[in-house]
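Chain residues, written in single-letter form:
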Amino acid sequence: MEQALIARRSILALPIALAVTSPALAASTRTARDLLRAFLDTLSAHDLEAFRALYVDDGYVQHQTLVTNTPSATNGPDAAVAYFRKRIEAFPDLKVTSDVSVVDGDMISANLIWSGTHTGEYLGVPATGRHVTFNSTDIMKVRDGLFSEHWGAADLYGLVSQLKA
């Protein structure tokens, strides 16, 4: 009887163990809304390794030019990581939230609110010590529980206006 109970517990625990230990399985069962939450959480925690794991390894398409402090030769997930690394370096207390989001099948649309204190050079503006808040509107396509495409527009004019005020 005890062996049967242990065997049944092991069978019940297997899917949980696989989801925890297998990023591919965890990603494939992740909903689009869960993926958006993970995007917000990993960037706010400045966990760029976990952030990178939210993207497909093959075929990622970035539909907008990423404006960074340094040019990037890549247009894949690593370019997104480099983009946000520069933003976090310039705003070390950077947080991102979303006040509005819509999920429709494999598409996510969200208004993101970024806030942080400008302590490093960003977009050609030397550190100002100013706390800023700006937004971006982003559309992301999901494949197998991971980001596969991105379109977006950030209010960089509003950001730079705050920095130069």
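Residues numbered from 1 in each chain as written. Predicted model: local features only at pLDDT ≥ 70, side-chain atom pairs only at ≥ 80, totals over all residues. Heavy atoms only, no water.

Q: So what about the overall build of the protein chain? Which residues, and what values?
A: Secondary structure summary: the protein chain contains 6 helices and 5 strands in total. Evaluated residue by residue, the protein chain yields a buried proportion of 35% over its 165 residues. Relative to all contacts within the protein chain whose residues are 6 or more apart in sequence, the contacts with residues 24 or more apart total 60%. (Helix = DSSP H or I, 4+ residues; strand = E, 2+ residues; numbered from the N terminus. Buried < 20%, exposed > 50% of the residue type's maximum accessible area, 1.4 Å probe, protein only. Contact = heavy atoms within 4.5 Å.)

Q: Break down the side chain of Arg87 for me, with residues and values.
A: The residue Arg87 is located in helix α5 (residues 77-90) in this model. Of the side chains bearing the opposite charge, Asp138 lies closest to the buried Arg87, which forms no salt bridge; the N-O distance is 7.5 Å. Only 2.6 Å separates the side chain of Arg87 from the side chain of Tyr83, close enough to count as a polar contact. Those residues within four positions of Arg87 in sequence are excluded, and the remaining contacts are Leu94, Trp114, Tyr122, Phe134 and Leu156. (Lys, Arg positive; Asp, Glu negative; His and termini not counted. Salt bridge = Lys/Arg side-chain N within 4 Å of Asp/Glu carboxyl O. Polar contact = N/O pair within 3.5 Å; in protein donor to acceptor, adjacent residues only side chain to side chain.)

Q: Pulling in residues and values, what's your account of the sheet that holds strand β2 (residues 95-104)?
A: Spatially, 5 strands are ordered β1-β5-β4-β3-β2 in an open sheet, and the strand pairing comes out mixed. A strand with exactly one partner marks an edge of an open sheet, and here the two such strands are β1 (61-62) and β2. Note that β1 and strand β5 (residues 146-154) share 2 bridges and pair parallel. Looking at β5, one finds that Val61 is bridged to Glu149. Running at roughly 170° to β2, helix α3 (residues 32-44) makes contact with β2, β3 (107-117), β4 (131-143) and β5 of the sheet. (Pairing = 2+ DSSP bridges. Axes fitted to C-alpha atoms, helices over the stretch in contact; angles between N-to-C directions.)

Q: How would you summarise the confidence of the model for the protein chain if you had to cite specific residues and measurements?
A: When pLDDT is averaged along the protein chain, the result is 84; 78% of the residues meet or exceed 70. Across the protein chain, the element-wise mean pLDDT spans from 45 in helix α1 (residues 2-21) up to 98 in β3. Counted against residues more than four places away or in other chains, residues 5-23, with its pLDDT under 50, gives 3 contacts. (pLDDT = per-residue confidence, 0-100.)

Q: Explain the pattern of salt bridges to me, and be specific about the residues and the numbers.
A: Counted by the stated rule, this structure contains 6 salt bridges. Lys86 is the partner of Glu89 in a salt bridge, and the nearest nitrogen-oxygen pair spans 3.7 Å. Taken together, the residues span about one helical turn, with Glu89 and Lys86 both in helix α5 at a distance of 3 residues. You can call Glu89 partly exposed: its relative accessible area is 45%. With its nearest N and O atoms 3.9 Å apart, the salt bridge here joins Lys141 to Asp106. Here the residue Lys141 occupies a position in strand β4, and Asp106 occupies one in the loop between β2 and β3, the gap between them amounting to 35 residues. For Lys141, a relative accessible area of 27% puts it in the partly exposed group.

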